[in-house]
Number of protein chains: 2
Amino acid sequence: MEFLQQQIQKYGKIVSKDIVKVDSFLNHQLQPKIIEKIADEFIGEFSKYNPTKILTIEASGIAIAMVMGIKTGLPVVFAKKKKPVTLSGECYSSNIYSYTKKETNSIVVSKEFIQKGDRVIIVDDFLAMGSAVLGLIDIVEQGEGEVVGIGIAVEKGFQKGGELLREKGYNLKSLAIIEKIEGDKIFFRN
Amino acid sequence: MEFLQQQIQKYGKIVSKDIVKVDSFLNHQLQPKIIEKIADEFIGEFSKYNPTKILTIEASGIAIAMVMGIKTGLPVVFAKKKKPVTLSGECYSSNIYSYTKKETNSIVVSKEFIQKGDRVIIVDDFLAMGSAVLGLIDIVEQGEGEVVGIGIAVEKGFQKGGELLREKGYNLKSLAIIEKIEGDKIFFRN
């Protein structure tokens, strides 16, 4: 998606050779026109698989997922990073390792919200090593649902998550894949 | 908003005399039709104040705020509960006390995203003691912005947040105000 590459080139801030900040439109401030285009792309890509649900993880993924929900009518579920006091029922959980924070955390989804036969689109803003997405896939599979597509706004192509998911045969759509960051330049995969 | 009261009566799960879970449509699973109606109410209520920005806090508030953003074109900003590694620039921060978790945490917003003259709508899913909203107000005021309205889906009328905000003169709109929970019954304020 050319459009998203342009936004990243224009508004992204290079922090290091591994990190581009897209705080101004994707994961701190949210620019509606950009979020809407991202959501539209995923809907166009995955509607044909008859999804029944959209799954994401707090926090930024909720914005994209919710816009998809509004446009398709599909319920949105977001995995929680901590089990809240009020989540008293039974949950699916999966351990994910955060490479930025260097710690393992579990993510949880109430068993009520992933059910046998659910056809799930997973969406998130970023894909790096793939931990969060693998955790979400694990949860869908625990619930005997099926992952029919994975929509990612920005994939870091120089980290292993995308490769891993494609090798496993998942239907992964990343709208912008950053190949490398060199100095003040961002290079995308075509 | 009668509609939201009905949803809470129908789908809310009473956990204790202080807590109703609305996990199935508002803060774990998100039901698009309900979120959209909530967003529409807030737009109807606050558009006349010429807002320039919508501010919320991760995570559930993002869903409502983003739908408002899509419909109005206004940028959405969500405060973060932890300062992420990538948030390297200067931030406004405010300490908020969580009565459920019994701990004080700071919330942060990058200084870039609240600017002098901003006319801000604050939205969140729940209002209880008001800590989160007071933290968000504090951040807007640090940035020399103005809070033109506060939209809350569910207010716990038996806790102090709503009263406090109204006394301070804020333009607070709560769509459903729970007056009390007794046994298996939820009573709303008219």
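This one's a predicted model, so the numbers in the text were calculated from it and none came from an experiment. (Residues numbered from 1 in each chain as written. Chains lettered and ligands numbered in written order. Predicted model: local features only at pLDDT ≥ 70, side-chain atom pairs only at ≥ 80, totals over all residues. Heavy atoms only, no water.)

**Quick word on helix α3 (residues 32–46) of chain B**
The terminal C-alpha atoms of α3(B), which comprises 15 residues, lie 21 Å apart, in line with the 21 Å expected from a rise of 1.5 Å per residue. Every buried residue of α3(B) is listed here: B:P32, B:I34, B:I35, B:I38, B:A39, B:F42, B:I43 and B:F46. (Helix = DSSP H or I, 4+ residues; strand = E, 2+ residues; numbered from the N terminus. Expected span 1.5 Å × (residues − 1). Buried < 20%, exposed > 50% of the residue type's maximum accessible area, 1.4 Å probe, protein only.)

**Description of the pairing of strand β7 (residues 103–110) of chain B**
Residues and elements named next belong to chain B. Note: strand β6 (residues 91–98) against β7, eight bridges, orientation antiparallel. Following the sheet pairing, N95 is matched in β7 by S106. Hairpin connection, β6 to β7: the antiparallel pair is bridged by four residues, and K102 has positive phi, about 55°. (Pairing = 2+ DSSP bridges.)

**So, the sheet that holds strand β8 (residues 119–127) of chain B**
Read across the open sheet, the seven strands follow the order β3(A)-β5(B)-β4(B)-β8(B)-β9(B)-β10(B)-β11(B); overall the sheet is mixed. If you trace the sheet from one side to the other, it starts and ends with β3 (29–30) of chain A together with β11 (185–188) of chain B, each paired once. Bridge count between strand β4 (residues 53–57) of chain B and β8(B): three bridges; the pairing is parallel. By the bridge assignment, B:I54 is partnered in β8(B) with B:I121. In this fold α3(B) packs onto β8, β9 (146–156) and β10 (172–182) of chain B, with an angle of close to 145° to the strand it touches most, β9(B). (Contact = heavy atoms within 4.5 Å. Axes fitted to C-alpha atoms, helices over the stretch in contact; angles between N-to-C directions.)

**Remarks on the relation of the copies chain B and chain A**
Rotating chain B by 180° about the axis while translating it 0.0 Å along that axis superimposes it on chain A, leaving an RMSD of 0.0 Å. Each copy turns onto its partner about a two-fold axis. For chain B, the smallest separation between a C-alpha atom and the rotation axis is recorded for B:A59, amounting to 2.6 Å. Residue by residue, 100% of the interface of chain B is reproduced at the interface of chain A, so both copies engage with the same surface. (Least-squares fit on C-alpha atoms with pLDDT ≥ 70 in both.)

**Thoughts on the side chain of B:S131**
Residue and element names in this part refer to chain B. For S131, the location among the structural elements is in helix α5 (residues 131–142). What makes S131 buried here is its relative accessible area of 19%. Side-chain polar atoms of S131 contact the backbone oxygen of Y97, separated by 2.9 Å. Excluding its chain neighbours within four sequence positions, the residues that come into contact with S131 are I96, Y97 and Y99. (Polar contact = N/O pair within 3.5 Å; in protein donor to acceptor, adjacent residues only side chain to side chain.)

**A short note on the UniProt feature "binding site: xanthine" (unreviewed entry) in chain A**
The UniProt feature table records "binding site: xanthine" (unreviewed entry) at A:N27 and A:K156. You can see A:N27 is positioned in the loop between β2 (20–21) and β3. For A:N27, a relative accessible area of 11% corresponds to the buried category. What A:N27 contacts, discounting residues up to four positions off in sequence, is A:V22, A:S60, A:D125, A:F126, B:F78 and B:K80. Side chain to side chain, A:N27 and A:D125 meet in a polar contact 3.5 Å long. Examined against the element boundaries, A:K156 turns out to sit in strand β9 (residues 146–156). Look at A:K156 and you get buried, because its relative accessible area is 13%. Excluding anything up to four places from it in sequence, A:K156 contacts A:D18, A:I19, A:F126, A:L127, A:A128 and A:I178. There is a polar contact of 3.0 Å between the side chain of A:K156 and the backbone oxygen of A:D18. (UniProt positions renumbered as here; feature names shortened; annotations may be inferred.)

**Details of the sheet that holds β9(A)**
Note on sheets: strands pair through backbone hydrogen bonds, and any given pair is parallel or antiparallel. The seven strands are arranged β11(A)-β10(A)-β9(A)-β8(A)-β4(A)-β5(A)-β3(B) in an open sheet whose pairing can be described as mixed. Lying at the two open borders of the sheet, with one neighbouring strand each, are β11 (185–188) of chain A together with β3 (29–30) of chain B. In this structure, β9(A) lies alongside strand β10 (residues 172–182) of chain A, joined through six bridges in parallel fashion. Bridge pairing links A:K156 to A:I178 in β10(A). In this fold helix α1 (residues 2–11) of chain A packs onto β9, β10 and β11 of chain A, with an angle of close to 165° to the strand it touches most, β11(A). Helix α4 (residues 131–142) of chain A contacts β4 (53–57), β5 (76–79), β8 (119–127) and β9 of chain A of the sheet and is inclined by roughly 165° relative to β8(A).

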